[in-house]
Amino acid sequence: MLKKLFQRKNRETTVVLMNESKLYKPSAATLKNATVLNTEAVYKDALKNPVKYWEEAARELEWYLPWKKAFSEPKKHFFNWFVGGKCNIVHNALDRHMGTPTEKKTAIIWESDHGKRRKLTYKELKSAVCKMANGLKSLGIKKGDRVAIYMQNTPEIAISMLACAKIGAMHSVVYAGFSAHALRDRIDDAKAKILITSDVGYRSGKHIDMYSLCNEAVKGAKSIKHMVVVKREESTRKKNAKRDVWYHELVEGQSEICKTTVMDSEDPLFVLYTSGTTSKPKGIIHVHGGYMVGINRTFHWVMDVKPNDVYWCSADPGWITGHSYIIYAPLMAGITTVMFEGAPNYPKPDRLWKVIEKNKVSIFYTAPTLIRSLMRFGDEWVEKHDLSSLRLLGSVGEPINPEAWRWYHKVVVKGKLPIMDTWWQTETGSFMIAPLPATTLKAGSATRPLPGIIADVVDKRGKSVRRGEGGYLVIKNPWPSMLRGVFNNPERYLKTYWKEIPGYYLTGDLAHKDKDGYFWIQGRSDDVLSIAGHRIGTAEIESALVSHPAAAEAAVIGKPHPVKGESAKAFVILKQGYEPSEKLVDALKKQIRKELGPIAVTDEVEFVDKLPKTQRKDYAASFKGKGARPGRRGYVGARRLNHLQNTQLNG
Ligand code: WT7
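Residues numbered from 1 in each chain as written. Predicted model: local features only at pLDDT ≥ 70, side-chain atom pairs only at ≥ 80, totals over all residues. Heavy atoms only, no water.

Caption draft 1: View of the site of the ligand. Near the ligand lie 16 residues; those nearest to it are Asp421, Thr422, Thr426, Arg524 and Arg535. Within the side chain of glutamine 425, an N or O atom sits 2.9 Å from an oxygen atom of the ligand. For the ligand, an oxygen atom lies 2.9 Å from a polar atom in the side chain of aspartate 509. When residues of the shell around the ligand are traced back to their parent elements, those giving at least two are helix 12 (320-333), strand 20 (419-422) and strand 25 (519-524). (Near = heavy atom within 4 Å. Polar contact = N/O pair within 3.5 Å; in protein donor to acceptor, adjacent residues only side chain to side chain. Helix = DSSP H or I, 4+ residues; strand = E, 2+ residues; numbered from the N terminus.)

Listed below in C-alpha cells is the structure:
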C-alpha cells in the first residue's frame, strides 16, 4: 500500500492513487461527546454564507471593541477580517481566564528530554508572561518590533511567544533544527532586534550547544541588539556582556502585571518562515484577529475539546502546528496542553505511550512519520501501557498512508477512537480540510473542507476536474486565519498564491476528490519536499550544495521513503579538478547540514556529468529513481540556469 500511495507516475493527471473504500463510522461514545452533530446542516449553512459563519465563530472570543465590518478586500488579493475590531490573542489565551476557575488549572505540562515534569497553572503562566513582557519592554521592544526565538520545546518558548504578543511585538520562531546560517537569514529578513534562546538544549540525552550556534548566527547581524539566554545549566561560558542577558535576570524583579496591548484585528501577530520554490524562505505573516478566530473554532470543532481535556500535540513550537495548536488554541480553550521536549524513542520506543499514560492524555495529535517510525518497533511497546485516557487522535503534516492509519487506529486505540486527519499549511493558519468527530472516516483521506472553507481540485485554468481525477488543490474563498502576506515581499505573495491559477488561493498541493467528495492529498505540486513532515525546498538544498567549492551545479529531487514519507536525493556536477569520492559525498552532506541544519538531511548524493533537461515525467525514469519527483517547471534543470550564471564553471 505504501508503494501504491507514493506511486506518482504523472502527478498532474494522476488517476486515483488510493482506493480505500472502507468506511469508519463514528462510535456511539464519540457521537455522544461530539460538539457538532448535525453536520450536514452546518456545512450547508456555512457554504451559503461563509462570512456569517466566521462572524459567529468570532463572537465566541472576547474583543475590546467589536468589528465594524466582517470582511473586506482593500487591495486585490489582500484580505481583511473583522475590520475595526480591537483585540489581542493573549487576552483570550490568558487574561480572560483570570478570576475564573481556569486560573488554577494546569495550563502547561512540560515533559523534558530527561523525563522531568514541570507544571504551570494559568495564573503562573500569566505572571511569567507578564514578567517576560516587562523584561522585553525594558530592552526597548515596542509594538511592531520583531523578536526571533530559537529554542527547544520548553515552557520558556511559550512564555516568550506570549510575551511578545502581549506587547504587540511579532515573534519569529525559528525551529531549533535549523543551522546558524539559516537562523541568520531569518533574523536578517525580519530585522529582529532580539534573539531569545537557551544556553543548551537536549535531545535523546544529547547536549545541544544552542548558545554557540546563536552566537555564530548573530555575529555581525546589524538588527540584533540583545540575546536573551535561558540558563539550563551552570555553564561557565563567558557572555558577551553588552549584548547578552540571562533570561532569569531579565525577569527577576519585573512586575507580574503587564497591560495587554490593544491591537487592531489586522495588526501582525507573528512571522513564521517556511520553504518555497526558491532558495529564500518566505516569512508568512499572521494577524491577531482572524488568526485567533480561525484556530479557536477549528480546534473546538475538530478536536472536540472539552474543559477537562489533557491535550498533547507532539509537534514543535517552531512550526505552525506548534504555534496554533500547542500554544494559542489550547490556551484559548482553557485546557491543559502538554509540551514535550524529548524524542519518541528515547530512552525507549515507548516514550510517547508513557507520556500519555502518565499524564492521562485524552487528545493526541501527531504526524504520520512518527507513527511509521514507532510501528517498526512492534506493538508490544504500545501494549505495555494503559492508554484508556485517550478519546481522540489527530494526524498532520503529510498524507497518512492507510497502513499507518490502521495501525494507529487498531493498536493504539483498539479501533475505538476517531482519527482526525487535518490538512492545512503554515499559510492557512488553521485546519482547512479535516473531519469533525461525527464524520465517517476513510483511512488516508482528510475528508472534506471544514465549514467556512471552500476547497476544490482544478486544472491549470482553474476548471474543476472530474471526481477521481488529480489536479491542483485550491481554496476558493478567503478565510479569517489566512496569511496576510510574505514579510517585506508582497510581490512574492501575489505570485505564489494568487497568480498561477487566477482567482483562487493556490495551495501548492496535488489532490483528487473521490466519488463521495472526500479529498485525497497526494503531495506537493511544486519544488517543496516534506522530509519527516518538515517542509523544505529543493532549491534551498541545491543552493546549499553549490556553496561548496567542489560543486558546480546541483539538482535535488524527492524520493519516497518508508518512514520519512519523502527523502532528498541530490545530483551534483563537480567542478574541474574534483573527483567523485565517498569523502566528497560526506563533505557535501555536511555542507547541507552547515547551511540549513539537520532538518534538510539528504540521504543520497550522486555525481553526474550533466543534469538532464528531460521533461519532468521522464526525468525520474532517466535516473531510475522509482517514483522520484522532479520540480514543477518541467525541467529540474530550470533552476540549473541560475546556478550556471552564478558559477564560473559548468559540467
Ligand atoms: C504542507 C504544509 C500544517 C501543519 C504542518 C505542515 C502537507 C499537511 C497534511 C495532511 C496531507 C498534508 C501538505 C501541505 N500536509 N497536512 N493532513 N495530509 N498532506 O505545515 O510546513 O506549512 O506544510 O504539508 O503538502 O501543503 P507546512
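Additional details are given in the paragraphs that follow.
Caption draft 2: Region of interest: the pattern of salt bridges. The final tally for this structure, using the stated rule, is 36 salt bridges. Taking the shortest distance from any N to any O, the salt bridge between arginine 184 and aspartate 188 comes out at 2.9 Å. With arginine 184 and aspartate 188 both in helix 8 (residues 180-190), this residue pair falls four residues apart, about one helical turn. Residues lysine 564 and aspartate 603 are paired through a salt bridge, measuring 3.0 Å at the closest nitrogen-oxygen approach. Residue lysine 564 is found in the loop between strand 28 (551-561) and strand 29 (565-574), and its partner aspartate 603 is found in strand 30 (residues 602-607); the two are separated by 39 residues along the sequence. Beyond isolated ion pairs, a larger network of salt bridges with shared partners links Asp304, Lys306, Asp309 and Arg391. (Salt bridge = Lys/Arg side-chain N within 4 Å of Asp/Glu carboxyl O.)

Caption draft 3: Examining the packing of helix 8 against helix 9 (residues 210-218) more closely. Their axes nearest at 8 Å, the elements helix 8 and helix 9 cross at an angle of 50°. It follows that helix 8 is oblique to helix 9 by the angle criterion. The hand of the helix 8/helix 9 crossing is right-handed. Only Leu213, Cys214, Glu216, Ala217 and Val218 of helix 9 make contact with helix 8, whose side of the interface consists of Ala180, Leu183, Arg184 and Ile187. Classifying every residue of the contact of helix 8 with helix 9 by side-chain character gives seven nonpolar, no polar and two charged. (Axes fitted to C-alpha atoms, helices over the stretch in contact; angles between N-to-C directions. Parallel < 35°, antiparallel > 145°, perpendicular 65-115°, else oblique. Left-handed = near helix turned anticlockwise from the far one by under 90°. Contact = heavy atoms within 4.5 Å. Nonpolar A, V, L, I, M, F, W, Y, C, P; charged D, E, K, R; others polar.)

Caption draft 4: Structural detail: the sheet that holds strand 30. In spatial order, the strands read 28-29-30; together these three strands make up an open sheet with mixed pairing. Two strands bound the open sheet, and with one partner strand each, they are strand 28 and strand 30. Direction aside, the axes of adjacent strands within the sheet are offset by 25° on average. In this sheet, strand 29 lies alongside strand 28 in antiparallel orientation, the contact comprising 10 bridges. Looking at strand 29, one finds that proline 560 is bridged to glutamate 566. (Pairing = 2+ DSSP bridges.)

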